[in-house]
Amino acid sequence: MAASIRLNVRSTKAPFNLKPFVKQSPKPSRIRCAAAAATTPTKRYKITLLPGDGIGPEVISVAKNVLQLAGSLEGIEFTFQEMPMGGAALDLTGVPLPEETLSAAQRADAILLGAIGGYKWDKNEKHLKPETGLLQLREGLKVFANLRPATVLPQLVESSTLKKDVAQGVDLMVVRELTGGIYFGKPRGFGTNEKGEDIGFNTEVYATHEIDRIARVAFEIARKRHGQLCSVDKANVLEASMFWRKRVTAIASEYPDVELSHMYVDNAAMQLVRYPKQFDTIVTNNIFGDILSDEASMITGSIGMLPSASLGESGPGLFEPIHGSAPDIAGQDKANPLATILSAAMLLKYGLGEANAAKKIENAVLDTLNRGFRTGDIYSAGDKLVGCKEMGEEVLKSVDDSVPASV
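So, how was this worked out
- Residues numbered from 1 in each chain as written.
- Predicted model: local features only at pLDDT ≥ 70, side-chain atom pairs only at ≥ 80, totals over all residues.
- Heavy atoms only, no water.
- Helix = DSSP H or I, 4+ residues; strand = E, 2+ residues; numbered from the N terminus.
- Buried < 20%, exposed > 50% of the residue type's maximum accessible area, 1.4 Å probe, protein only.
- Contact = heavy atoms within 4.5 Å.
- Areas by Shrake-Rupley, 256 points an atom, 1.4 Å probe, with all protein chains shown as cover.
- Pairing = 2+ DSSP bridges.
- Right-handed = clockwise from strand over helix to strand, strands pointing away.
- 1 Å grid on protein atoms, 1.4 Å probe; cavity = no way out; pocket = protein on both sides within 12 Å on 5 of 7 lines; lining within 4 Å.
- Points joined across faces, edges and corners; volume = space filled by probe spheres on them.
- Nonpolar A, V, L, I, M, F, W, Y, C, P; charged D, E, K, R; others polar.
- Salt bridge = Lys/Arg side-chain N within 4 Å of Asp/Glu carboxyl O.
- Polar contact = N/O pair within 3.5 Å; in protein donor to acceptor, adjacent residues only side chain to side chain.
- Phe/Tyr/Trp six-rings, centres within 6.5 Å; stacked < 30°, edge-to-face > 60°.
- Lys NZ or Arg CZ within 6 Å of the ring centre and 35° of its normal.

**Quick word on the overall build of the protein chain**
- A count of helical and extended segments in the protein chain gives 14 helices and 14 strands.
- Looking at the protein chain as a whole, 55% of its 407 residues are labelled buried.
- Contacts spanning at least 24 positions in sequence make up 77% of the contacts within the protein chain whose residues lie at least 6 apart.
- Accessible area for the protein chain stands at about 17500 Å²; split by element, carbon and sulfur atoms hold 53% of it.

In structure tokens form, the structure reads like this:
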């Protein structure tokens, strides 16, 4: 089963020849000691960077350095190619996803995305909006499975808007179908009804193969976690959801070791804030997953803490923080880079099969938080308030020290 294979460690790829136009980024000067201690690179990967808009370039710059250092300590060498996307691409080329950017992404071993969008482009026609470029990228990469973990770290439990006894210990994964449903369904558009009134319409539609493949990914993830999967739908009203529930139930027979439950989306939204610890793995469609994963992110204390991975049956995966471009703080060194750094860890783990390097990054983030460093979105009295760059520097120190996990 191809979809589940993407969730396992992949075999090491053979070294590739570097393209003439791809320049290799120098290692950050502050990590010279670690670079000297690193072994001679035995594995090489090509990463396409899509900084995007707003705070995107800031967080990508930090995450790139962390990724590079963690890789060097595991004998991994990266070649980075930076390409425009979103509003930056609109300003540069007139389209939100240039063909050259999509081509570079398709040729890469993995893609790391910052954030897209901003007030500047809000009034553009739909085909000229930054968000359209993101949908086109997902479709072009054929990444149909979006993984969004939401874990309340002990260091940040006080940052949650929920009571401590409700938020403490939450550790769930939302598996969102990413390339089907109402965001892509046809017919869609604008028209006039029989009364002559203007209307807008979209179509929620799923085919058997679309539901089956995302269900299998979710079952595989649940199997590796705590063996519980909750499928979220609106089967009491929507035919597409009735069919969704039918297919997920059918796939469940392939996974007798995973406990399957079903929940209506309105109830799921309520239960996420009432008792989120009841959830282990959630699987749902595109629009419900979009909403529920953002809701789950706030349980953790800040949307600036959560990474995501988007995977397909083959080809490179797309890794990005779930936060937006935050144009109101762009360029002010206020952004929280941890979600992007953790996205780099997911890139290593799920995209390249480099679990050891991923663990170095995850442990370094925990160590940095243990040492009291916080950006403004997760700051509390008594913490050490830092900006985006300094937070990145502190994570680099922890990676360099190869600290063990300590929660």
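The discussion continues.
**Brief notes about the pairing of strand S9 (residues 259-264)**
- In terms of strand pairing, strand S8 (residues 228-233) meets S9 through six bridges, oriented parallel. In the strand pairing of S9, Val-232 is matched with Met-263.
- The handedness of the S8 to S9 crossover, carried by helix H9 (residues 239-251), is right-handed.

**Observations concerning empty space enclosed by the protein**
- Applying the stated criterion to the full structure yields one cavity of 30 Å³ or more.
- Its boundaries defined by the atoms lining it, the largest cavity holds a volume of some 30 Å³.
- Glu-204, Tyr-206, Val-232, Asp-233, Ala-240, Ser-241, Trp-244, Asn-285 and Phe-288 are the residues that line the largest cavity.
- Here the element with the most residues in the lining of the largest cavity is H9; it accounts for three residues.
- When the residues that make up the lining of the largest cavity are grouped by side-chain class, the tally is five nonpolar, two polar and two charged.

**With respect to the pattern of salt bridges**
- Enumeration over the complete set of coordinates arrives at 22 salt bridges.
- For Arg-225, the salt bridge goes to Asp-171, with nearest N and O atoms at 3.7 Å. Of this pair, Arg-225 sits in the loop between helix H8 (208-224) and S8 while Asp-171 sits in strand S5 (residues 171-177), placing them 54 residues apart in sequence.
- Its relative accessible area of 23% is what places Arg-225 among the partly exposed residues.
- Taking relative accessible area as the criterion, Asp-171 reaches 31% and is therefore assigned partly exposed.
- A network of salt bridges, in which partner residues are shared, links Glu-220, Arg-223, Lys-224 and Asp-257.

**Side note on the side chain of Ser-308**
- Its location among the elements puts Ser-308 in strand S11 (residues 307-311).
- Note on Ser-308: relative accessible area 1%, which makes it buried.
- At 2.8 Å, the side chain of Ser-308 forms a polar contact with the backbone oxygen of Glu-320.
- Apart from the residues lying within four places of it in its own chain, the contact partners of Ser-308 are Asn-146, Leu-147, Arg-148, Leu-318, Phe-319, Glu-320, Ile-322, Ser-343 and Met-346.

**Digging into the packing of aromatic side chains**
- Counted according to the given criterion, the structure contains four aromatic pairs.
- Here the aromatic rings of Phe-78 and Phe-80 are separated by 5.9 Å at their centres, their planes lie at 35°, and the arrangement is tilted. For the pair shown, Phe-78 and Phe-80 are each scored as buried.
- Ring centres 4.9 Å apart and planes at 5° place the aromatic pair Phe-219 and Tyr-255 in the stacked group. You can see Phe-219 sitting in helix H8 and its partner Tyr-255 sitting in the loop between H9 and S9, a full 36 residues away along the chain. One exposure class covers both Phe-219 and Tyr-255, and it is buried.
- Directly above the aromatic system of Phe-144 lies the positively charged group of Arg-213, at a separation of 4.2 Å from the ring centroid.

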